[in-house]
Amino acid sequence: MDMFDKRFVHFIWDDKLEGKRCFVAGNIALLIFRVNSDDEAHRAVVTRNADKTLAGEFPFRAAGVSGICSDFRFAYYDPRYDARLALLTKRGVKK
């Protein structure tokens with residue numbers, strides 16, 4: 001079963017995301033893959049990109065992704081992601 005739900009995709013900064021753990025990616029296909037595969041290496045606390053030159057194209061900054069501070073076009077935040085994943089794993093549907 002897919003974990004991805006387009007309602008939780010962000011491509012413009014929203015202050016509600018500040019300090020939230022989000023999956024991040026540079027394109028939608030990669031974001032979908034990361035969400036569905038529970039790619040913890042690309043899930044990090046996001047902040048607004050303070051670099052005004054880059055913020056229009058890469059509004060999300062995620063520290064610790066791949067060991068460096070990186071900027072991304074897309075962020076995915078589902079407040080119930082971990083609970084849904086645990087339920088699916090328990091039922092044997094996921095992983």
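Residue positions are given per chain, counted from 1 along the sequence in the order it is written. Given that the model is predicted, a residue must reach a pLDDT of at least 70 before its local features are reported, and side-chain atom pairs must reach 80 or more before they are shown or counted; all residues, however, enter totals for whole chains, interfaces and linings. Computation of side-chain values covers all heavy atoms of the structure but excludes hydrogens and water.

## What to know about the nonpolar core
Which entries qualify depends on this criterion: Here the nonpolar core consists of buried residues drawn from Ala, Val, Leu, Ile, Met, Phe, Trp, Tyr and Cys, with membership extended through side-chain atoms lying within 4.5 Å. Relative accessibility thresholds used throughout: buried, under 20% of the residue-type maximum; exposed, over 50%; partly exposed, between the two (1.4 Å probe, protein chains only). The way it works is that DSSP assigns letters per residue, a run of H or I at least four long becomes a helix, a run of E at least two long becomes a strand, and they are numbered from the N terminus. In what follows, a contact means two residues having at least one pair of non-hydrogen atoms within 4.5 Å.
Within the largest apolar cluster, 12 residues are counted, these being Met-3, Phe-8, Val-9, Phe-23, Ala-25, Leu-31, Val-35, Phe-74, Tyr-76, Tyr-81, Leu-85 and Leu-88. Elements represented by at least two residues in this core include exactly strand S2 (21-25), helix H1 (28-36), strand S6 (74-76) and helix H3 (81-90). Element by element, the count of residues in this core is highest for H3, at 3 residues. Contacts of Tyr-76, omitting those with residues within four sequence positions, involve Met-3, Phe-4, Asp-5, Phe-8, Val-9, Cys-22, Phe-23, Leu-31, Val-35, Tyr-81 and Arg-84. Listed in part, the 11 residues of the second largest apolar core include Trp-13, Leu-17, Cys-22 and Val-65.

## Comments concerning the packing of aromatic side chains
The condition is simple: Two rings from Phe, Tyr or Trp (for Trp, the six-membered ring) form a pair when their centres are within 6.5 Å of each other. A pair whose planes differ by under 30 degrees is stacked, one over 60 is edge-to-face, and the rest are tilted.
Here the structure, examined in full by the defined rule, presents 5 aromatic pairs. A centroid spacing of 5.3 Å and a plane angle of 25 degrees characterise the contact between Phe-4 and Tyr-76, whose relative ring orientation is stacked. Taken together, the positions of Phe-4 in the segment before strand S1 (9-10) and Tyr-76 in strand S6 put the pair 72 residues apart, joining distant regions of the chain. An aromatic cluster of three or more residues is present, and its members are Phe-4, Phe-8, Phe-23, Tyr-76 and Tyr-81.

## Structural notes on the side chain of Asp-78
Within the fold, Asp-78 resides in the loop between S6 and H3. Not counting the four nearest positions on each side in its chain, Asp-78 is found in contact with Phe-8 and Arg-84.

## Concerning the confidence of the model for the chain
How we decide: Confidence of the predictor in every single residue is expressed as pLDDT, which spans 0 to 100.
Mean pLDDT over the chain stands at 90; residues scoring 70 or higher make up 92%. Within the chain, the element-level pLDDT minimum falls on strand S5 (residues 68-72), averaging 80, and the maximum on S1, averaging 98.

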